[in-house]
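So you can see what is in the structure, the chains are spelled out below.
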Amino acid sequence: HGIRLEWAIGRCGRLARLVHNLIETTRLETGVAQLKKEPYPIEDVIGTALARLNKPLAGRKVESDLPENLPLVALDPILIELVFVNLIENALRHAPGDSPLEISARERMDFIEISVADRGPGLAAADLDLIFEKFYRANKAAGGAGLGLAICKAVAAAHGGTICAENRPGGGSVFRLTLPRREAP
């Protein structure tokens, strides 16, 4: 009975996350959600996301390149953490277990660019324009409901930023999130 109960609890947890993610995406896309922006160090948000994924990341090498002098960014730390959790979980789902994940951030002219990269199979050209759409799954065998990247897109847009994906030279993919350095007047 214990195994059956664990399975049911796991199913309910996944269903609850699916419903929550769908509601949050819709709220962000329609402008109903109110962002709680505050000046925040992006490296702290990334660190919190990594800590939250401590168990799935066990044994996985994570290489980070986060300069100490990055400026604070006006953001909703909970929502941006959700973006990083989704991007990292996506990389874990698609990249071989012995390959490292790479997280980096750079200050550009008017924005901060944060990248999450893996050495998985990469993305098919046909998928590049569709992977941020709700319920789209590039690799159906890898699992997921097709909402994680849609949430990332909605959160980025709500912050005045963007998100994109591309294939990496040498194999794998990289997801780039850009966030404005300053709030629009």
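Below you will find a few notes about this structure. These numbers were taken from a predicted model, which means no experiment stands behind them. (Residues numbered from 1 in each chain as written. Predicted model: local features only at pLDDT ≥ 70, side-chain atom pairs only at ≥ 80, totals over all residues. Heavy atoms only, no water.)

## Let's talk about the environment of aspartate 44
Phase 1: Tracing the backbone through its elements, the reader meets aspartate 44 in helix α2 (residues 42-52).
Phase 2: The partly exposed category is assigned to aspartate 44, whose relative accessible area is 40%.
Phase 3: With 37 residues separating them in the primary sequence, aspartate 44 and glutamate 81 have C-alpha atoms 9.3 Å apart. (Helix = DSSP H or I, 4+ residues; strand = E, 2+ residues; numbered from the N terminus. Buried < 20%, exposed > 50% of the residue type's maximum accessible area, 1.4 Å probe, protein only.)

## Thoughts on the nonpolar core
Phase 1: Among the nonpolar cores identified, the biggest contains 38 residues, and Ile42, Phe84 and Ile114 are the most heavily contacted of them.
Phase 2: When contributions to this core are tallied by element, the ones reaching two or more residues are α2, β3 (73-75), α3 (77-94), β4 (101-107), β5 (111-117), α4 (148-158), β6 (162-167) and β7 (173-180).
Phase 3: When residues of this core are assigned to their parent elements, the largest contribution, ten residues, is made by α3.
Phase 4: Those residues in contact with isoleucine 42, other than ones at most four positions away along the chain, are Leu70, Leu75, Ile80, Phe84, Ile114 and Leu179. (Core = buried A, V, L, I, M, F, W, Y, C linked by side-chain atoms within 4.5 Å. Contact = heavy atoms within 4.5 Å.)

## Let's talk about the pattern of salt bridges
Pairing is possible between side chains of opposite charge, provided their charged atoms come close.
Phase 1: Throughout the structure, instances matching the rule amount to eight salt bridges.
Phase 2: Between glutamate 63 and lysine 61 there is a salt bridge, with its nearest N and O atoms 3.4 Å apart.
Phase 3: Residue class for glutamate 63 comes out partly exposed when judged on its relative accessible area of 31%.
Phase 4: The residue glutamate 107 makes a salt bridge to arginine 181 at a minimum N-O spacing of 3.1 Å. With glutamate 107 in strand β4 and arginine 181 in the segment after β7, the pair connects residues that are 74 residues apart, well separated along the chain.
Phase 5: On the accessibility criterion, glutamate 107 (36% relative accessible area) is partly exposed.
Phase 6: Each member of the salt-bridge network shares a partner with another, and the members are Arg108, Glu113, Glu166 and Arg176. (Salt bridge = Lys/Arg side-chain N within 4 Å of Asp/Glu carboxyl O.)

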